[in-house]
Amino acid sequence: MVPIAAALGEDASSLSISRSTVHRVRKKARSEFVDVVAKNYAPKHPITIHWNSKILRDIMGIEIVDRLPVIVSGDGEEKLLGVPKLQSGTGKNAAEAIYKILEQWDLVNQVIAMSVDTTSVNTGHLNGTCTLLEDTIGRDLLWLSCRHHTLELIPAKVFTLCFGPSSSPEIPLFKRFKKVWHGIERNNFQILEVTPELVSFKESALSSLSNLLNETVKIPRDDYQELIELTNTVLGKPPEKIHWQAPGPVHHARRMSKLIYGIKIYLYRNQKDVVNLTKREETQLEKFVKFGALIYTKVWIAAPLASEALFIDLKPWKDLKEYELFDFKISNAAKCILVRHLWYLSDELVRFALFSDIVLSPEKDDMAKMIKSKPDLRKVRGNCNILKTNQEVNLSDFVTERSGNVFQKLNIADAFLNLPSEEWKQNSSYLQGRERVRKSQVVNDTAERGVKLFQEFNSLIIKGEEEKQFLLQAVEANRKTVPSKSTKKHVFDATLK
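A few points on the structure. Source: prediction; values computed, not measured. (Residues numbered from 1 in each chain as written. Predicted model: local features only at pLDDT ≥ 70, side-chain atom pairs only at ≥ 80, totals over all residues. Heavy atoms only, no water.)

1. What to know about the overall build of the chain
Condition: Counting from the N terminus, the helices are the DSSP runs of H or I reaching at least four residues and the strands are the DSSP runs of E reaching at least two. Three labels apply to residues, based on accessible area from a 1.4 Å probe with only protein chains included: buried if under 20% of the type maximum, exposed if over 50%, partly exposed otherwise in between. Accessibility throughout is a Shrake-Rupley quantity obtained with a 1.4 Å probe, and a residue counts as covered only by protein chains that appear here.
Across its full length, the chain carries 21 helices and 8 strands. A burial count over the chain gives 50% of its 497 residues as buried. Of the roughly 25400 Å² that the chain leaves accessible, carbon and sulfur atoms contribute 52%.

Right, dumping it as structure tokens:
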């Protein structure tokens with residue numbers, strides 16, 4: 001420090017170089033910074049609260065504790081409120097911690113929705129965090145369950161049906177493939193043979209992926225891009241350049257690994273000197289890959305789209321009903337998962353579909369007409385009995401008077417409903433509402449980023465609980481100011497702000 005001060009023309013004798021003094025100054029600066037951040041954070045829009053419990057080592061020692069990153073989002077913005085420590089990971093403790101932190105930031109009255117993983121501790125109807133938080137706040141909130149968390153259950157179930165249950169933490173077939181990856185000829189692959197009766201599924205899958213990539217979905221990670229490319233390839237429409245990636249983790253918890261591994265192995269099944277599959281394994285693999293490529297991938301990639309969530313939930317149900325003719329066991333297994341997670345087909349959230357680009361105008365008109373239907377008791381999930389009828393099911397079947405609540409919560413004017421749906425895109429209220437719905441977070445990646453942030457700094461720099469929370473606020477602000485892929489110019493410009 002002294003040489004630097006001298007080089008800058010400063011009197012080094014006037015500087016305090018005591019470590020304790022520097023620590024006190026830093027502590028004071030962080031505290032003052034957080035006070036300013038909290039005072040200036042006053043969103044003008046409705047907000048969604050996110051959380052995700054994680055068991056981590058305590059910053060003060062070797063004890064294991066529950067940490068709960070709490071983040072709010074709205075109109076495309078995110079803000080970390082804190083990462084409190086829980087005595088235990090119960091719904092009651094989590095709800096109390098979330099409410100306390102909302103009070104500290106003076107945001108209780110602006111929260112209109114909760115975005116969470118669908119674990120029992122969150123969604124339990126008596127002692128779940130969501131139920132208890134609603135009771136504490138004193139009003140109903142929208143339940144925006146994480147669509148990735150619910151959709152990942154489907155391939156896991158289908159995989160177990162195809163290959164049987166396993167007690168191993170790793171999947172032996174995938175582990176074998178990972179070892180021989182470097183001996184495979186990348187461009188020597190064989191696609192899925194689609195029989196005439198399945199051509200409509202193939203065309204729908206390819207068309208959906210093409211439309212999603214061209215218009216609406218921002219691909220967040222390389223593994224999403226890899227899944228899209230592999231699905232297109234196995235269906236006979238490979239990209240001009242395939243970005244082959246070496247196989248990654250082979251454990252059961254990895255979200256997309258089963259389908260990514262499955263398609264890769266299936267593509268190279270004819271390289272028998274390297275990929276040595278038994279006849280039984282090849283048959284099992286074909287069933288799994290066929291389901292994944294024809295039905296599942298397009299649903300998974302579209303998961304973050306709030307305005308399409310309802311249609312995307314209803315369309316797989318209809319696809320699976322048709323798929324029964326070709327593989328009843330797989331279709332039935334997938335439907336059993338789907339019917340337990342109809343969060344976005346609740347009468348409160350069904351109006352999101354009015355802002356969809358996929359739902360056709362006649363169905364939107366029917367939904368607008370059904371808004372006067374009398375509701376039953378409030379349910380945060382859609383009525384599964386509607387799906388189980390033999391009749392043709394439409395989104396309008398889920399609409400009730402309660403469906404209007406979502407517009408009130410999101411501050412969306414609904415006068416456009418008096419117009420024919422063909423005219424809605426020329427209406428400013430509709431366009432503003434569509435923008436707000438599209439920015440709604442229906443996957444809980446936000447909370448996962450909070451977990452990752454705390455893990456990075458859990459054992460670094462500071463050991464005190466309060467100071468750790470101050471540090472997280474400073475780090476978050478810095479990362480928003482300086483992008484992660486910053487050039488020297490970005491850093492320099494940020495220092496001048």
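More follows now that the structure is in view.
2. Details of the packing of helix α7 (residues 153-163) against helix α12 (residues 279-301)
This is how the line gets drawn: An axis is simply a line fitted to the C-alpha atoms; with a helix, the fit covers only the stretch in contact. Between two such axes, the angle follows the N-to-C directions and lies from 0 to 180 degrees. To sort the angles, those under 35 degrees are grouped as roughly parallel, those over 145 as roughly antiparallel, those from 65 to 115 as roughly perpendicular, and the leftovers as oblique. Crossing chirality is assigned from the near helix's rotation relative to the far helix, an anticlockwise turn below a right angle marking it left-handed and a clockwise turn marking it right-handed. Residue contacts are defined here by distance: any two heavy atoms, one from each residue, within 4.5 Å place the two residues in contact. Note that Gly is not counted as nonpolar here; it falls among the polar residues with everything else outside the nonpolar set of Ala, Val, Leu, Ile, Met, Phe, Trp, Tyr, Cys and Pro and the charged set of Asp, Glu, Lys and Arg.
Their axes nearest at 9 Å, the elements α7 and α12 cross at an angle of 160°. Comparing their axes, α12 and α7 come out roughly antiparallel. Relative to α12, the crossing made by α7 is right-handed. Between α7, through Ile-154, Pro-155, Val-158, Phe-159, Cys-162 and Phe-163, and α12, the contact on the second element is made entirely by Glu-281, Gln-284, Leu-285, Lys-287, Phe-288, Phe-291 and Tyr-296. Its residues assigned to classes, the contact of α7 with α12 shows 10 nonpolar, 1 polar and 2 charged.

3. Description of the sheet that holds strand β3 (residues 64-67)
Short version of the rule: If DSSP finds at least two bridges between two strands, the strands pair.
Spatial strand order, β2-β3-β6: 3 strands in an open sheet with antiparallel pairing. Bordering the open sheet on either side are β2 (54-57) and β6 (85-86), each of which pairs with just one other strand. Pairing of β2 with β3 involves 4 bridges; the strand directions are antiparallel. Within β3, the residue paired with Lys-54 across the bridge is Arg-67.

4. Some points on helix α15 (residues 361-369)
Every α-helix winds through 3.6 residues per turn, so residues three or four apart in the chain are directed the same way. Condition: In this description, the arc belongs to the directions extending from the helix axis to the C-beta atoms.
Buried within α15 are the following residues: Glu-363, Lys-364, Met-367 and Ala-368. Angularly, the buried residues of α15 cover 145° about the axis, an arc narrow enough to put them on a single face. The exposed set on the far side of α15, more than 90 degrees from its buried face, consists of Pro-362 and Lys-369. Buried-residue contacts for α15 involve α18 (428-438).

5. Brief notes about the nonpolar core
Selection rule: The term nonpolar core refers to a set of buried residues drawn from Ala, Val, Leu, Ile, Met, Phe, Trp, Tyr and Cys, joined through side-chain atoms within 4.5 Å.
Within the largest apolar cluster, 131 residues are counted, with the highest numbers of intra-cluster contacts made by Ile-49, Trp-51, Leu-102, Ile-154, Val-234, Phe-291 and Phe-352. In terms of residue count, the dominant contributor to this core is α12 (11 residues).

6. Points about the pattern of salt bridges
Formally: We define a salt bridge as a contact between a side-chain nitrogen of Lys or Arg and a carboxyl oxygen of Asp or Glu at a distance within 4 Å.
Summed over all chains, the structure comprises 27 salt bridges. A salt bridge links Glu-476 to Lys-79; its shortest N-O distance comes to 2.6 Å. Here Glu-476 is found in helix α20 (residues 465-481), whereas its partner Lys-79 is found in strand β5 (residues 77-82), with 397 residues between them in sequence. A salt bridge links Glu-282 to Lys-272; its shortest N-O distance comes to 3.8 Å. Of this pair, Glu-282 sits in helix α12 while Lys-272 is found in the loop between α11 (257-267) and α12, placing the two residues 10 residues apart along the sequence. Judged by relative accessible area, Lys-272 falls into the partly exposed class, the value being 49%. When salt bridges with common partners are traced through the structure, they connect Glu-134, Asp-140, Glu-348 and Arg-378 into a single cluster.

7. Some points on the pairing of strand β1 (residues 47-51)
Among the 5 residues that make up β1, 5 are buried, leaving the element largely enclosed by the rest of the structure. In this structure, β1 lies alongside strand β7 (residues 111-116), joined through 4 bridges in parallel fashion. Residue pairing across strands places Thr-48 opposite Ala-113, the latter belonging to β7. Pairing of β1 with strand β4 (residues 70-74), which is carried by 4 bridges, proceeds in the antiparallel orientation. Considered in β4, the bridge of Ile-49 is made with Val-72.

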